[in-house]
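Chains, contacts and geometry: an overview
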Amino acid sequence: MTENTTSVGGGNRPDAGVSALKGRTGAGAPAETRGKTTIADGVVAKIAGMAAREVPGIFNLGAGMARALGAVRERVPGGGGAVTRGVKVEVGERQAAVDLDVVVEYGVSIVDVAGDVRTNVIGAVERMTGLEVVEVNIVVDDVHLPDEEEQAEPDEGRVK
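Quick caveat, the model's predicted, so the values are computed rather than measured.

1. So, the nonpolar core
Core analysis: the biggest nonpolar cluster contains 26 residues, and I58, V87, V98, L100, V117 and V121 have the highest contact counts within it. Of all the secondary-structure elements, those providing two or more residues to this core are α1 (41-53), β1 (58-61), β2 (87-91), β3 (95-105), α3 (110-129) and β4 (132-144). In this structure, V98 is in contact with A48, V87, K88, V89, V121, E135, V136 and N137, ignoring residues within four places of it in sequence.

2. Let's talk about the environment of A114
Looking at the element boundaries, A114 is found in helix α3. Taking the C-alpha atoms as reference, A114 lies 9.4 Å from G57; in sequence the two are 57 residues apart.

3. Quick notes on the packing of α1 against α3
Viewed as axis vectors pointing N to C, α1 and α3 meet at an angle of 140°, and their least axial separation amounts to 8 Å. With respect to their mutual orientation, α1 and α3 come out oblique. Note that α1 runs across α3; the crossing there is right-handed. Contacts between α1 and α3 involve V44, I47, A48, A51 and A52 from the former and V117, N120, V121, A124, V125, M128 and T129 from the latter. Residue classes in the contact of α1 with α3 are distributed as 10 nonpolar, 2 polar and no charged.

4. Focus on α1
In this model, α1 (13 residues) spans 18 Å end to end at C-alpha, consistent with the 18 Å of a helix rising 1.5 Å per residue. Within α1, the full set of buried residues consists of V44, A45, I47, A48, G49, A51 and A52. Tucked into the core, α1 has its buried residues touching β1, β2, β3 and α3.

5. Digging into a negative patch on the surface
Together, D41, E90, D99 and E135 give the surface a local cluster of negative charge. Topologically, D41 is positioned in helix α1.

Rules used in this analysis
Each chain carries its own residue numbering, running from 1 in the written order of its sequence. Where totals are concerned, whole chains, interfaces and linings use all residues; where local detail is concerned, this predicted model gives features only for residues with pLDDT of at least 70, and gives and counts side-chain atom pairs only at 80 or more. Derived side-chain values reflect all non-hydrogen atoms in the structure, with water molecules and hydrogen atoms excluded from consideration. Definition used in this section: a nonpolar core is a set of buried Ala, Val, Leu, Ile, Met, Phe, Trp, Tyr and Cys residues joined via side-chain atoms within 4.5 Å. Note on exposure labels: buried denotes an accessible area under 20% of the residue type's maximum, exposed denotes more than 50%, and partly exposed covers the range between, all computed with a 1.4 Å probe on protein chains only. Numbering of helices and strands starts at the N terminus; helices are DSSP runs of H or I of at least 4 residues and strands are runs of E of at least 2. The criterion used for residue contact is that any of the two residues' heavy atoms lie within 4.5 Å. The axes are straight lines fitted to the C-alpha atoms, using for helices just the contacting stretch, and the angles between their N-to-C directions are given from 0 to 180°. Roughly parallel means an angle under 35 degrees; roughly antiparallel, over 145; roughly perpendicular, 65 to 115; everything else is oblique. Handedness of each helix crossing follows the sense of rotation of the near helix against the far helix: counterclockwise by less than a right angle gives left-handed, clockwise gives right-handed. Polarity classes work like this: nonpolar for Ala, Val, Leu, Ile, Met, Phe, Trp, Tyr, Cys and Pro, charged for Asp, Glu, Lys and Arg, and polar for all others, with Gly in that last group. Helices are assigned an expected span. That span is 1.5 Å times one less than the residue count. To count toward a patch, a residue needs a relative accessible area over 30% and no salt bridge; like charges are then connected within 9 Å, while nonpolar side chains (Val, Leu, Ile, Met, Phe, Trp, Tyr) are connected within 5 Å. Methods summary: accessible areas were calculated by the Shrake-Rupley approach with a probe of 1.4 Å, and residue burial reflects only the protein chains presented. Basic side-chain nitrogens of Lys or Arg form a salt bridge, by our definition, when they fall within 4 Å of a carboxyl oxygen of Asp or Glu. Residues scored as positive are Lys and Arg, those scored as negative are Asp and Glu, and His as well as the terminal groups of each chain are ignored. For the purpose of locating charges, the reference atoms are NZ of Lys, CZ of Arg, CG of Asp and CD of Glu.

Given below as structure tokens:
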């Protein structure tokens with residue numbers, strides 16, 4: 001008796017018609033292939049923002065106005081959003097693209113820092129989400145000079 005198998009793309013393997021991308025369902029399928037995982041844009045943005053800030057030579061993220069509004073937002077209870085300031089992402093089913101607005105420290109090589117940021121962001125996002133990062137676009141909005149201080153209010157309270 002001969003066994004009839006359907007084959008996709010040639011060959012005579014019995015499992016040739018099973019797609020590895022779709023996975024199998026049912027009790028006999030491995031647990032990791034049952035169901036669908038969706039990752040929100042905000043999750044990818046947080047990962048990218050944290051990874052970018054870890055790179056030496058990055059002073060801050062966000063353009064001037066975004067940083068100013070972010071500073072106000074941080075003072076409001078529940079305002080948050082500091083991690084994703086200056087980060088925009090597009091997330092598909094299998095791929096993600098990241099746009100970053102950064103401020104670099106004076107004296108560092110912008111080309112080297114940008115390369116380090118790309119490497120760190122791609123590594124972190126791909127490792128944590130399993131998404132393929134197709135691009136990381138970086139806009140250097142400013143250079144932080146050593147004698148510049150961020151506009152901050154004194155730590156003392158308003159009332160004495």
